[in-house]
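Spelled out, the chains give:
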Amino acid sequence: MSDSILELNDVTVSFMARRGKTKTPIHAADHVTLFVRRGEIFGLVGESGSGKSTLARLVVGLNSAAGGSMVFDGEPLAGRKRSRSLRQRIQMVFQDPYSSLDPRMTVRQQLMEILRVHDSVPSSERDALCETIFRRVELPSSLLDARPRQMSGGQRQRVAIARALLLSPELLVADEPVSALDVSVQAGIIKLFADLRSRLGVTIFFIAHDLAVVRHLCDRVAVMYMGKIVEEGTTSDLFSNPRHPYTRALLDSIPRLHPDAHELVSAPEGEPPSLTRLPSGCRFRSRCPFATEKCANEEPELIEISSSAPDASHQAACHYANELEAYVGRSVAR
Amino acid sequence: MTTSSTAPLLEVENLCVEVTVVGGKKTEPALRDVSFSVAAGEAVGLVGESGSGKSLTLRTLLGILPAGIKATSGRVLFEGVDLLKAPKRTVNALRGTGITMIFQEPMTSLNPIAKVGEQIIDAARAKHSWSKADARDHALRLAKQMGIPDPENVLSLYPHELSGGLRQRVMIAAALACQPKLVLCDEPTTALDVTIQAQIIQLLAKLKDELGMSMLYVTHDLAVVAQLCQRLEVMYAGSIVESGSVAEVFRKPNHPYTQGLVNATPDVDDVVTDLAGIRGNAPTLGNWPEGCAFHPRCDYASDECRSGEFPLQDVGEGRKSACIHIDALHRAIENAGVR
């Protein structure tokens, strides 16, 4: 992909799971291939344990890969060992602004520390830069001398975003940045991300479990399940024409604000399997209403959806991705 | 049995709760003049953001307020008995059989060192003079009713061996072990993944229909209320600011705060409407603004809103609102449209 800023090629991230005396490797991310275009907001959605945070941490250099390779801006990207200048170009916003800020330092001290360590901005300009960044995240500069505990959750998350923007990164990795916030505050942070992309041109790798948030914010989306990407496409393709049964199950599970009379959410059967005891073949087959014998024998690869436009790739990892009936949204009568 | 066919099962009247501020003799109001009711068989949603007082309301009803927090005035009538004044014995007897609670975090509310089956059996035997074998049969029946797969096996496991969804099913089984009439739900699906949340919503809807139990459902998620409840009460800064039927309130809110919440909730089917947050932040305990507590964040606030009291008023069609600018709000909704 010529316009991609980040590529993951067949990446696997493994951890050792200890059970008694035996150690077995589990693959939190299992042969993942994806790319992020420069200037886009790319959404990665999935439930807990799907591996989305593992990938986020891999991209910023907090995990290392057991297999596969990454490319950032045309150059190979190592898992952990990175030059300072490279780290400066990829920054992260964490989920919980309470634990990711230092409680004993003022915001200004925390920002200054980063500028001192990276030393790419002359010290005479650092104060002005802090104020510019604060304006950019719509915080009053009076809060620069406040400590995190004196701020609300929304303000703290804006500080976390300001900190990530301080070094003018090209790629911002945001791991569930709105999940811990109240809904009235969440909307403002979502708009801020959209705004930052359009004004600064920063690429955003946005991790979320909330599909509604992703639909409002992202240009392209990948859905993960148990370490695998099961579907990937433009936001409009993926939401209007989901081709993987898991994507459909996720959409059907979301409670709607204005349900039709007597409409209840529909839920897929069962629970996600353990990563140490994955079913053979397709990982979703134990919960899938369409599963056949083929699904137990053959692990599906991502295949191109036949109806997708030539310039907008839409893929799903289901043997029946091109055969499933059109998606209408499901609800069960009460 | 209810004392008369028309009296609601639960009636909360002018409830006020105060918190003693740490390190001082000062108290701060945490609930202010809260009144609402739940009829037999009815499901009522109590919604609001963090710190609004919704969980505190549930804890007051069950008489499990933490130290330093107490109800100072008002009444909590359950089947006509005032739980705030009733002797401890009476309240204890009602827990489990009359009122019960399902908590958000099953991991912290289940005993980590007891098998989950034992915990359901204990809950059942606390109020029934059942033999252990009878209670075990009852637990097994409950587990099946809760949709727990392979119940014999699951009941012999410890909480840490179960998934979040199964733990929540176990907690619901324990809560329902003594056939309560009113179930208080404190965000029981918030910690769950969306597919598991959908399963628990289905389970609660089924149980409500099958058992005819009443529910008071606390959540910050308006859409979950739309799934399970007929009526809702909207809380802000320790007060109820709006109440009415769920469909009506979401279609045409009677309070700017409710409208703000509806507009801030991202809709997965609607990509056209822009999300709009509410400006500013929810006030924290002890920092509640004078007058209408919402006025610093409100687009409709006038000088009148900055002082005085704004009690919940009847506004017709079974709805109540604490806002004095409903007409202006409705004009704005008609012009802009609410989702």
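Source: prediction; values computed, not measured.

K.L.:
It is not clear to me how the overall build of chain A should be interpreted in this structure. Could you clarify?
P.N.:
Along the backbone of chain A there are 10 helices and 14 strands. Whereas a compact globule of 334 residues would reach a radius of gyration of roughly 20 Å, chain A reaches 21 Å, a difference of no more than 12%. Seen along its three principal axes, the alpha-carbon backbone of chain A occupies a region of about 65 × 50 × 50 Å. Looking at chain A as a whole, 45% of its 334 residues qualify as buried. For chain A, the share of sequence-separated contacts (at least 6 apart) that also reach a separation of at least 24 residues comes to 66%.

K.L.:
Got a minute to help me understand the overall build of chain B in this structure?
P.N.:
Helices and strands together make up the secondary structure of chain B, namely 12 helices and 12 strands. For chain B, whose C-alpha radius of gyration is 21 Å, the value lies close to the compact-globule estimate of 20 Å for 339 residues. Principal-axis analysis of the C-alpha atoms gives chain B an extent of 65 × 50 × 45 Å. When burial is assessed residue by residue, chain B has 49% of its 339 residues classed as buried.

K.L.:
Looking at this structure, I do not really get the interface of chain A and chain B. What am I missing?
P.N.:
Size of an interface: often given as the accessible area lost when the parts come together. Counting residues at the interface gives 36 residues for chain A, matched by 37 residues for chain B. Elements represented by at least two residues in the side of chain A that touches chain B include exactly α6 (183–200), α7 (211–217) and α9 (245–253) of chain A. In terms of residue count, the dominant contributor to the side of chain A that touches chain B is α6 of chain A (8 residues). Its residues assigned to classes, the side of chain A that touches chain B comprises 18 nonpolar, 11 polar and 7 charged.

K.L.:
Just to check I follow, could you spell out the sheet that holds strand β5 (residues 75–77) of chain A for this structure?
P.N.:
Within a sheet, each strand pairs with its neighbour through backbone hydrogen bonds, oriented either parallel or antiparallel. All names here are of chain A. Ordered in space as β2-β1-β4-β5, the 4 strands form an open sheet in which the pairing is antiparallel. A strand with exactly one partner marks an edge of an open sheet, and here the two such strands are β2 (22–37) and β5. Neighbouring strand axes in the sheet, compared pairwise and without regard to direction, differ in orientation by 30 degrees on average. Inspection of the sheet shows strand β4 (residues 67–72) paired to β5 by 3 bridges, in the antiparallel sense. Looking at β5, one finds that Met70 is bridged to Leu77.

K.L.:
Sorry, what's going on with the nonpolar core here?
P.N.:
Generally speaking, nonpolar side chains in soluble globular proteins are found buried as a group. Residues Phe205 and Phe206 of chain A together with Ile120, Ala173, Tyr217 and Val225 of chain B are the most contacted members of the largest nonpolar core, which totals 197 residues. The contact partners of Phe205 of chain A, leaving out residues within four places of it in the chain, are Val36, Phe42, Leu44, Ala56, Val59, Leu171, Val173 and Ala174 of chain A.

K.L.:
Explain the sheet that holds strand β12 (residues 303–304) of chain A here, please?
P.N.:
Residue and element names in this part refer to chain A. Spatially, the 8 strands line up as an open sheet ordered β6-β7-β8-β3-β9-β10-β13-β12, and their pairing is mixed. Each of the sheet's edge strands pairs with one partner strand only, and the pair in question is β6 (90–93) and β12. Where β6 lies against strand β7 (residues 171–175), 4 bridges are found, and the strand directions are parallel. Following the sheet pairing, Met92 is matched in β7 by Val173.

K.L.:
Even after reading the chapter, I still don't get the environment of Lys115 of chain B, so can you show me in this structure?
P.N.:
Residue and element names in this part refer to chain B. With respect to the secondary-structure elements, Lys115 resides in the loop between α3 (106–109) and α4 (116–127). Here Lys115 falls in the partly exposed class, since 16 other C-beta atoms lie within 10 Å of it. Separated by 44 residues in sequence, Lys115 and Pro159 have C-alpha atoms that sit 7.0 Å apart. The contacts of Lys115, once residues within four sequence positions are left out, are Leu155, Ser156, Leu157 and Tyr158.

K.L.:
I tried to follow α9 of chain A on my own but got confused; where do I start?
P.N.:
Given 3.6 residues per turn, any residue in an α-helix points the same way as the ones three and four places further on. A large share of α9 of chain A lies buried, amounting to 9 of its 9 residues. Of the residues making up α9 of chain A, those classed as buried are Pro245, Tyr246, Thr247, Arg248, Ala249, Leu250, Leu251, Asp252 and Ser253 of chain A. Against the buried residues of α9 of chain A lie α7, β9 (220–225), β10 (228–234) and α8 (235–240) of chain A together with α8 (194–211) of chain B.

K.L.:
Would you mind going over unusual backbone geometry with me for this structure?
P.N.:
Residues other than glycine predominantly adopt negative phi, and peptide bonds predominantly adopt the trans conformation. Even without glycine at this site, Asp119 of chain A takes up a positive phi of about 50 degrees. Of the residues examined, Asp119 of chain A has 9 C-beta atoms within 10 Å and is grouped as exposed. Here Asp150 of chain B, not a glycine, exhibits a phi torsion of approximately 50 degrees, which is positive. As for its placement among the helices and strands, Asp150 of chain B is situated in the loop between α5 (132–145) and α6 (151–155).

K.L.:
Hey, could you run me through the packing of α4 of chain B against α5 of chain B in this one?
P.N.:
Packed helix pairs are characterised by how far apart their axes lie and by the angle those axes make with each other. Residues and elements named next belong to chain B. One can describe the packing of α4 onto α5 by two numbers: an axis separation of 9 Å at closest approach and a directional angle of 115 degrees. With respect to α5, the axis of α4 lies roughly perpendicular. Seen from above, α4 lies across α5 with right-handed handedness. Contact residues: α4 offers Gly117, Ile120, Ile121, Ala124 and Arg125, while α5 offers Lys132, Ala135, Arg136, His138, Ala139 and Leu142. Taken together, the residues of the contact of α4 with α5 sort by class into 6 nonpolar, 2 polar and 3 charged.

K.L.:
I keep staring at the environment of Leu264 of chain A and nothing clicks. Help me out?
P.N.:
Residue and element names in this part refer to chain A. Tracing the backbone through its elements, the reader meets Leu264 in strand β11 (residues 263–264). Judged by local crowding, Leu264 falls into the partly exposed class, with 18 C-beta atoms found within 10 Å. When the C-alpha positions of Leu264 and Ile305 are compared, they lie 30 Å apart, and in sequence the two are 41 residues distant.

K.L.:
Before we go on, may I ask you to explain the packing of helix α7 (residues 164–175) of chain B against α8 of chain B in this structure?
P.N.:
Residue and element names in this part refer to chain B. Packing of α7 against α8 brings their axes to within 10 Å, and their N-to-C directions diverge by 20 degrees. Judged by the inter-axis angle, α7 sits roughly parallel to α8. Here α7 runs over α8; the crossing is right-handed. Where α7 approaches α8, its residues Gly164, Gly165, Gln168 and Arg169 are matched on the opposing element by Ile196, Gln199, Ile200 and Leu203. Of the residues in the contact of α7 with α8, the class split is 3 nonpolar, 4 polar and 1 charged.

K.L.:
Looking at this structure, I do not really get the pairing of strand β4 (residues 69–78) of chain B. What am I missing?
P.N.:
Put simply, side chains in a regular strand alternate between the two faces of the sheet. All names here are of chain B. As judged from the 8 bridges shared by strand β1 (residues 10–20) and β4, these two strands associate in the antiparallel manner. Each bridged residue has a counterpart across the sheet, and for Val12 the counterpart in β4 is Val76. Across 2 bridges, β4 lies against strand β5 (residues 81–82) in antiparallel orientation. Bridge assignment links Leu77 to a residue of β5, and that residue is Asp82. Hairpin remark: β4 followed by β5, antiparallel, with 2 residues in the connecting loop; positive phi at Glu79, about 50 degrees.

K.L.:
Teacher, can you tell me more about α5 of chain B here?
P.N.:
All names here are of chain B. Helix length check: α5 (14 residues) gives 20 Å between terminal C-alpha atoms against 20 Å at 1.5 Å per residue, within 8%. The set of residues buried in α5 consists of Ala135, His138, Ala139, Leu142 and Ala143. Seen along its axis, α5 keeps its buried residues to an arc of 140 degrees; they face one direction. Exposed residues on α5 whose side chains face more than 90 degrees from its buried face are Ala133, Arg141 and Lys144.

What counts, and at which threshold
Residues numbered from 1 in each chain as written. Chains lettered and ligands numbered in written order. Predicted model: local features only at pLDDT ≥ 70, side-chain atom pairs only at ≥ 80, totals over all residues. Helix = DSSP H or I, 4+ residues; strand = E, 2+ residues; numbered from the N terminus. Rg over C-alpha atoms; globule rule 2.2 N^0.38 Å. Buried ≥ 20, exposed ≤ 12 C-beta atoms within 10 Å, placed from the backbone. Contact = placed C-beta atoms within 7 Å. Nonpolar A, V, L, I, M, F, W, Y, C, P; charged D, E, K, R; others polar. Pairing = 2+ DSSP bridges. Axes fitted to C-alpha atoms, helices over the stretch in contact; angles between N-to-C directions. Core = buried A, V, L, I, M, F, W, Y, C linked by C-beta atoms within 7 Å. Parallel < 35°, antiparallel > 145°, perpendicular 65-115°, else oblique. Left-handed = near helix turned anticlockwise from the far one by under 90°. Expected span 1.5 Å × (residues − 1). Arc of directions from axis to C-beta.

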